[in-house]
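Architecture at a glance
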Amino acid sequence: MSTFSGLLLVDTISIVLFILLPIVGLAVGAVAVWLILKNVSKKKSEKKLDDTSRRVEEMLESAKAECKQIKKEAILEAKEQELKRRNEFEQEMKEKRAEQAHIESRLNRQQDALERKETELNRKNESLEAQKNNLTQKMEEVQKTQEQVERQHDLMIAELERIAQLSKDEAKKLLTEEILDETRRDAAVQVRNMEQQAKDEADMNAKNIISLAIQRCASDHASETTVSVVPLPNDDMKARIIGREGRNIRAIENATGIELIIDDTPEVVILSGFDPVRREVARLTLERLITDGRIHPARIEETVEKVTKELEQQIKAAGENAMFEVGIFGLHPEIIKLIGRLKFRTSYGQNVYRHSIEVAQLAGLMAQELGLDVNFAKRAGLLHDIGKAVDHEQEGTHIQIGADLAKKFKENAMIVNAIMAHHGDVEPKTIEAVLVQAADAISGARPGARRETGSNYVKRLEKLESIASGFAGVDKSYAIQAGREVRVIVKPDQVDDAKALFLAKDIAKKIESELEYPGQIKVNVIREFRSVEYAK
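The shown structure was predicted, so the numbers you read here are calculated from the model rather than taken from an experiment. (Residues numbered from 1 in each chain as written. Predicted model: local features only at pLDDT ≥ 70, side-chain atom pairs only at ≥ 80, totals over all residues. Heavy atoms only, no water.)

Here's the deal with the overall build of the protein
Helix and strand counts for the protein stand at 15 helices and eight strands. Across the 536 residues in the protein, those meeting the buried criterion constitute 30%. Excluding contacts between residues fewer than 6 apart, the proportion of contacts in the protein whose partners are at least 24 apart in sequence is 63%. (Helix = DSSP H or I, 4+ residues; strand = E, 2+ residues; numbered from the N terminus. Buried < 20%, exposed > 50% of the residue type's maximum accessible area, 1.4 Å probe, protein only. Contact = heavy atoms within 4.5 Å.)

Re unusual backbone geometry
The bulk of non-glycine residues show a negative phi, and the bulk of peptide bonds are trans. In this model, glutamate 245 sits at a positive phi of 55 degrees, which is unusual for a non-glycine residue. Structurally, the position occupied by glutamate 245 is in the loop between α4 (236-242) and α5 (247-256).

Observations concerning helix α11 (residues 398-408)
Those residues of α11 that sit buried are His398, Ile399, Ile401, Gly402, Ala403, Leu405 and Ala406. Here the buried face of α11 lies against α8 (333-341) and α12 (413-421).

Examining the confidence of the model for the protein
On average, residues of the protein carry a pLDDT of 80, and 81% of them reach 70 or more. Contacts from residues 218-225, a stretch scored under 50 in pLDDT, to residues over four places away or in other chains number 22 contacts. (pLDDT = per-residue confidence, 0-100.)

Considerations on the packing of helix α10 (residues 374-383) against α12
The packing of two helices is summarised by the inter-axis angle and the distance between the axes. Close contact between α10 and α12 brings their axes to 9 Å; oriented N to C, the two are set at 50 degrees. The pairing of α10 with α12 is recorded here as oblique in orientation. Crossing of α10 over α12 shows right-handed handedness. Residues Phe376, Arg379, Ala380 and Leu383 of α10 lie in contact with α12, whose contacting residues are Met414, Ile415, Ala418 and Ile419. Among the residues forming the contact of α10 with α12, the class breakdown is seven nonpolar, no polar and one charged. (Axes fitted to C-alpha atoms, helices over the stretch in contact; angles between N-to-C directions. Parallel < 35°, antiparallel > 145°, perpendicular 65-115°, else oblique. Left-handed = near helix turned anticlockwise from the far one by under 90°. Nonpolar A, V, L, I, M, F, W, Y, C, P; charged D, E, K, R; others polar.)

Side note on the layout of surface pockets
Computed from the structure, the second largest pocket encloses a volume of approximately 480 Å³. Within the residue set of the lining of the second largest pocket, elements represented by two or more residues are α5, α6 (276-292), α7 (297-326), α8 and α11. Sorting elements by how many residues they give to the lining of the second largest pocket places α7 first, with six residues. Split by residue class, the lining of the second largest pocket holds 10 nonpolar, three polar and nine charged. (1 Å grid on protein atoms, 1.4 Å probe; cavity = no way out; pocket = protein on both sides within 12 Å on 5 of 7 lines; lining within 4 Å. Points joined across faces, edges and corners; volume = space filled by probe spheres on them.)

Here we look at the pairing of strand β6 (residues 474-480)
Across a regular strand the side chains alternate sides, sitting on one face of the sheet and then on the other. Across six bridges, β6 lies against strand β7 (residues 485-490) in antiparallel orientation. Pairing of tyrosine 478 across the sheet is with arginine 487, part of β7. Hairpin remark: β6 followed by β7, antiparallel, with four residues in the connecting loop; positive phi at glutamine 481, about 55 degrees. (Pairing = 2+ DSSP bridges.)

Side note on the packing of aromatic side chains
Counted under the stated rule, the structure contains one aromatic pair. With a centroid separation of 5.8 Å and 50 degrees between ring planes, the pair formed by phenylalanine 324 and phenylalanine 329 is classed as tilted. Each member of the pair, phenylalanine 324 as well as phenylalanine 329, is classed as exposed. Its end group placed over the ring of phenylalanine 471, lysine 510 keeps NZ or CZ at 5.5 Å from the ring centre. (Phe/Tyr/Trp six-rings, centres within 6.5 Å; stacked < 30°, edge-to-face > 60°. Lys NZ or Arg CZ within 6 Å of the ring centre and 35° of its normal.)

Focus: the nonpolar core
Leu331, Leu338, Ile339, Tyr353, Leu382 and Leu383 are the most contacted members of the largest nonpolar core, which has 44 residues in total. For this core, the secondary-structure elements that each account for two or more residues are α7, α8, α9 (352-370), α10, α11, α12 and α13 (431-445). The biggest single contributor to this core is α9, with nine residues. The contact partners of leucine 338, leaving out residues within four places of it in the chain, are Ile386, Ala389, Val390, Leu405 and Phe409. Counting residues in hydrophobic clusters, the runner-up holds 25 residues, among them Met237, Leu260, Val281 and Phe344. (Core = buried A, V, L, I, M, F, W, Y, C linked by side-chain atoms within 4.5 Å.)

Quick word on α10
Most of α10 sits inside the fold, with seven of its 10 residues counted as buried. The N-capping residue of α10, defined by a side-chain oxygen 3.3 Å from the backbone nitrogen of asparagine 375, is aspartate 373. (Polar contact = N/O pair within 3.5 Å; in protein donor to acceptor, adjacent residues only side chain to side chain.)

Here we look at the pattern of salt bridges
Enumeration according to the criterion identifies 17 salt bridges in this entry. Two residues, arginine 294 and aspartate 292, come together in a salt bridge whose shortest N-O distance is 2.7 Å. Residue aspartate 292 is classed as partly exposed on the basis of its relative accessible area, which comes to 33%. For aspartate 497, the salt bridge goes to arginine 527, with nearest N and O atoms at 3.2 Å. Taken together, the residues aspartate 497 in helix α15 (residues 497-514) and arginine 527 in the segment after β8 (522-526) connect sequence positions 30 residues apart. For arginine 527, a relative accessible area of 35% translates into the label partly exposed. In the salt-bridge network here, residues are joined through shared partners; they are Asp292, Arg294, Arg299 and Glu302. (Salt bridge = Lys/Arg side-chain N within 4 Å of Asp/Glu carboxyl O.)

Describing the side chain of arginine 379
When you line up the elements, arginine 379 lands in helix α10. Classification of arginine 379 by relative accessible area gives buried; the value is 19%. Looking at arginine 379, its side chain comes within polar contact range of the main-chain oxygen of phenylalanine 329, at 3.3 Å. Those residues in contact with arginine 379, other than ones at most four positions away along the chain, are Ile328, Phe329, Gly330, Leu331, Glu411 and Ile415.

What to know about the sheet that holds β7
As summarised here, the arrangement of the three strands in space is β6-β7-β8, forming an open sheet in which the pairing is mixed. Every interior strand has two partners, whereas the edge strands, β6 and β8, have only one. Shown here is a sheet whose adjacent strand axes are inclined to one another by a mean of 20 degrees, direction ignored. Of the pairings in the sheet, the one linking β7 to β8 comprises five bridges and is parallel in character. Bridged to glutamate 485 within β8 is lysine 522. Its contacts with the sheet place α15 against β6, β7 and β8, and it is angled at close to 150 degrees to β8.

Written out as structure tokens, the structure is:
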């Protein structure tokens, strides 16, 4: 209300000033006219005095009438403004009162709801307390009953031990052994029947599919070693390669990262290094330097840089050729380069680049025969060993590295699973992943595909026989078929037919976990009983 009174006072003052200002103006005008008339000559003044006075009176009357009209209009306008402002103020106060009433009503409802919840919680707490007391009493009763049962159980066990003349642990052990033996025999019979049934149904189809795939995929493999040999035109070239105080050989080793071995072997320089691409760069660089004849550090760095660029182009071209040869497209450019790098990588003497192409073709052919996704099988087969391209630069197995690379370059999750599962580290999620496993084993196990040094071969055979002989009941074990089969002869009085089946599986699992080998190894457990008698 104080705000409204202030506004009304300001409006009233404005109206009064608006009325008084014309009146004051008229008065000043009248005085000015009177002064002018006074200065006119007396003669004219006398004649026109009456007219002037009359006119002044008329002007004054007119001004008064006009002032009254203006005052009247101003008062009416002020009343209208006052009425309008009063209505607005009353409307605003009405809205605020309604909002305040709504807020008070909502607060009251919330308070009532809280009171009801509080009452309900109190009632529930009382009910829970009662249930807790009841449960405590029941637990005490159960504990007493359990103690009685345990005492009776101990008495019964003691009586049974006295009657059977066996302790509890001895009886439990005896019973467990009997159950295990019976279960093993039943399981062995079931496993043998199931395996025989599966073999009868699957052997012929599998042989046909694999033989057809191998027949349609015949490729040659170039075997390379991890050490490169560069022939020299003469032994004098060795001194030029070494250079003054060894500066040339140090420049080559620093630029390529490959060790040069120059010994008494005539007209030969050996390049030793774990990275096959760097070793190839060093080999090509050294051959060009020997052909050119100019061997000095500046020329060495220039040649290494040039050869590196050319080799990168060859790697990319090799990756693209592999992609076109297999018939898959849409690979990431970095994956194409990694596939090209496999051209300089070997595994047991088998070129990994050609091996990957062969696995892709074998997996694709088998997928085609089975009516599966051929492109998926080929893609997984081509990428299954992609980790071997950089396994000398990163930590971890080539399987894990390959899976990480496939994830990095946005390959399908099923492709990643096929890479992870091709050595059985994880379970395959698709049939195509199983085909990649089979194609990898076929490519690596076929005669002539892989080779190894004589010492590693002998050690592997000795380890194979040692693993087989380490099981109880084994009489003798022999590694045959160039280490692709181990023949185990067991003692017939210690190992029955059921145990022989489980023994073969246990030996196979231990070989898989402790031995590295190409392809697969057949475990053949033989149990025979011979009765010999002499006629005299």
